[in-house]
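Chain and residue survey
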Amino acid sequence: MAILELKNIYKTYNHTKEYKGEILDNINLSIEEGEFVAIVGFSGSGKTTLVNMVNGLLKPTEGEVLFKQKPVTGTSHERGVIFQNYSLLPWLTVYQNIDVAIQQAFPKASKQEKDVRVKEHIEMVGLTHATNKRPKELSGGMRQRVSVARALSMNPEMIIMDEPLGALDALTRGNLQDEILRIWETSKRTALLITNDVDEAIYMADRIIPLNPGPKATLGPEFKVNIERPRDKTSLNDNPEYKKTRNQIMEYLMDLGEQQAAQSTVEYELPEIQPKDFRWHSK
Ligand SMILES: Nc1ncnc2c1ncn2[C@@H]1O[C@H](COP(=O)(O)OP(=O)(O)OP(=O)(O)O)[C@@H](O)[C@H]1O
Ligand SMILES: [Mg+2]
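Throughout what follows, the structure given in this document is the object of discussion. Keep in mind that what you see is a predicted model, and the values were worked out from it rather than measured.

What follows is about the packing of helix H2 (residues 94-105) against helix H3 (residues 111-124). Following both chains from N to C, one finds H2 and H3 inclined at 125 degrees, their axes separated by 9 Å at the closest point. As the angle between them shows, H2 and H3 are arranged oblique. Our pair here, H2 against H3, has a crossing hand that is right-handed. Where H2 approaches H3, its residues Val94, Tyr95, Ile98, Asp99, Ile102 and Gln103 are matched on the opposing element by Lys114, Asp115, Arg117, Val118, Lys119 and Ile122. Broken down by class, the residue content of the contact of H2 with H3 amounts to 6 nonpolar, 1 polar and 5 charged.

So this is what it looks like as structure tokens:
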């Protein structure tokens, strides 16, 4: 049964007579309980806007978002979001940022249970040494890891991720991908991942849907990932199904990119470069 449904979503920002601000149009998406869906798309096409409507932070201009058959009217700890910009509370420590989320999700748990849960999740993202630091004392990647821990600590029914691992080095990124997959698989969650990394999408998702560039961005055709789980990252490159899916998606995205460039009304004039410009501070 569908846990999340987006029906005919149309979204504009700051709509005026002169400026339409049309970001998303005709968005229809249904995600089954337990499914892992990835949306891949170009920067600025409206991915965060889409995520924020699923999360309940934004309302669609037209259309509706249903979570468990009920309209989404605000945020809920049933949907844990890993935000693109971390969204940590700057005056709280790593411990407190996660604690706040746990207090909301498990108001009846004992103090000790909450404490164990906070510490477990800090350890999961390898930040035990930074437990008492505030966000400004952390690097971008560390903040992103706190954001991952905070979302997962709430044990949400649906994990929503808006380019969650972009700021991380390859090793940490790989570890967290596996951690998110482990939690999704063992606790039978539903996941929606926004990413611009096709390989990440194929490694993690059951189904990949491109978001075509806007204005009035729409969802493209879906690509099913028919690769057995658990997936093995090291042998993925040699997997014919992986190669096929990757080629199909890359071709689709490259065609979109070309169409976009051809439709662009802006004409760029290339500066004329004289040979002397290549000389570095020559005397
Ligand atoms: N609050 C806002 N008010 C007005 N316009 C907005 C607002 N938020 C986003 N936009 C515009 O909506 C469009 C889509 O933005 P959005 O952040 O959803 O894109 P995105 O696909 O998440 O991009 P990125 O990959 O860079 O994160 C952009 O043109 C952006 O300028
Ligand atoms: Mg975004």
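Still more ground to cover, so stick around.
Turning next to the nonpolar core. If you look at the biggest cluster of nonpolar residues, it comprises 48 residues, and the most contacted ones within it are Phe36, Ile98, Met161, Ile202, Ile208 and Ile249. Setting aside its immediate chain neighbours within four residues, methionine 161 contacts Phe36, Ile82, Ile180, Ala191, Leu192, Leu193 and Ile194. Among the nonpolar cores identified, the runner-up in size contains 28 residues, and Ile23, Val51, Val65 and Ile194 belong to it.

In space, the 4 strands of this open sheet follow the order E2-E1-E4-E5, with antiparallel pairing throughout. Looking at which strands have only one partner, the edges of the open sheet turn out to be strand E2 (22-32) and strand E5 (70-71). As defined by bridge partners, strand E4 (residues 62-67) adjoins E5 across 2 bridges and the pair is classed as antiparallel. Across the sheet, residue phenylalanine 67 finds its bridge partner in E5, namely lysine 70. Docked against the sheet, helix H1 (residues 47-55) engages strand E1 (2-12), E2 and E4, running at close to 125 degrees with respect to E1.

Let us look at the packing of aromatic side chains. Centre-to-centre distance and the angle between the planes together describe a pair of aromatic rings. Counted according to the given criterion, the structure contains 2 aromatic pairs. Here the aromatic rings of phenylalanine 36 and tryptophan 184 are separated by 5.3 Å at their centres, their planes lie at 75 degrees, and the arrangement is edge-to-face. Taken together, the residues span a long stretch of sequence, with phenylalanine 36 in strand E3 (residues 36-41) and tryptophan 184 in helix H5 (residues 170-186) at a distance of 148 residues. Ring plane angle 65 degrees and centroid distance 6.0 Å describe the contact between phenylalanine 223 and tyrosine 252, whose orientation is recorded as edge-to-face. Of this pair, phenylalanine 223 sits in strand E10 (residues 223-224) while tyrosine 252 is found in helix H8 (residues 240-263), placing the two residues 29 residues apart along the sequence. Sitting above the plane of the phenylalanine 67 ring, arginine 79 keeps its charged end 5.0 Å from the centroid.

Our focus in this paragraph is the coordination of the magnesium ion (ligand 2). For the magnesium ion (ligand 2), the full set of protein donor atoms is Thr48 (OG1) and Gln84 (OE1), at a range of 2.0 to 2.2 Å. Residue threonine 48 is located in helix H1, and its partner glutamine 84 is located in the loop between strand E6 (79-82) and H2; the two are separated by 36 residues in the primary sequence. With relative accessibility at 30%, the residue threonine 48 sits in the partly exposed group. According to the relative accessible area criterion, glutamine 84 is partly exposed, its value standing at 37%.

The 6 strands are arranged E6-E7-E8-E3-E9-E10 in an open sheet whose pairing can be described as mixed. The open sheet has two edge strands with one neighbour each: E6 and E10. Note that E6 and strand E7 (residues 158-162) share 4 bridges and pair parallel. Bridging across to E7, valine 81 finds its partner in isoleucine 160.

Basis of the calculations
- Residues numbered from 1 in each chain as written.
- Chains lettered and ligands numbered in written order.
- Predicted model: local features only at pLDDT ≥ 70, side-chain atom pairs only at ≥ 80, totals over all residues.
- Heavy atoms only, no water.
- Axes fitted to C-alpha atoms, helices over the stretch in contact; angles between N-to-C directions.
- Helix = DSSP H or I, 4+ residues; strand = E, 2+ residues; numbered from the N terminus.
- Parallel < 35°, antiparallel > 145°, perpendicular 65-115°, else oblique.
- Left-handed = near helix turned anticlockwise from the far one by under 90°.
- Contact = heavy atoms within 4.5 Å.
- Nonpolar A, V, L, I, M, F, W, Y, C, P; charged D, E, K, R; others polar.
- Core = buried A, V, L, I, M, F, W, Y, C linked by side-chain atoms within 4.5 Å.
- Buried < 20%, exposed > 50% of the residue type's maximum accessible area, 1.4 Å probe, protein only.
- Pairing = 2+ DSSP bridges.
- Phe/Tyr/Trp six-rings, centres within 6.5 Å; stacked < 30°, edge-to-face > 60°.
- Lys NZ or Arg CZ within 6 Å of the ring centre and 35° of its normal.
- Donors = N, O, S within 2.8 Å, 3.2 Å for Na, K, Ca; no water.

In short, geometric facts, not functional conclusions.
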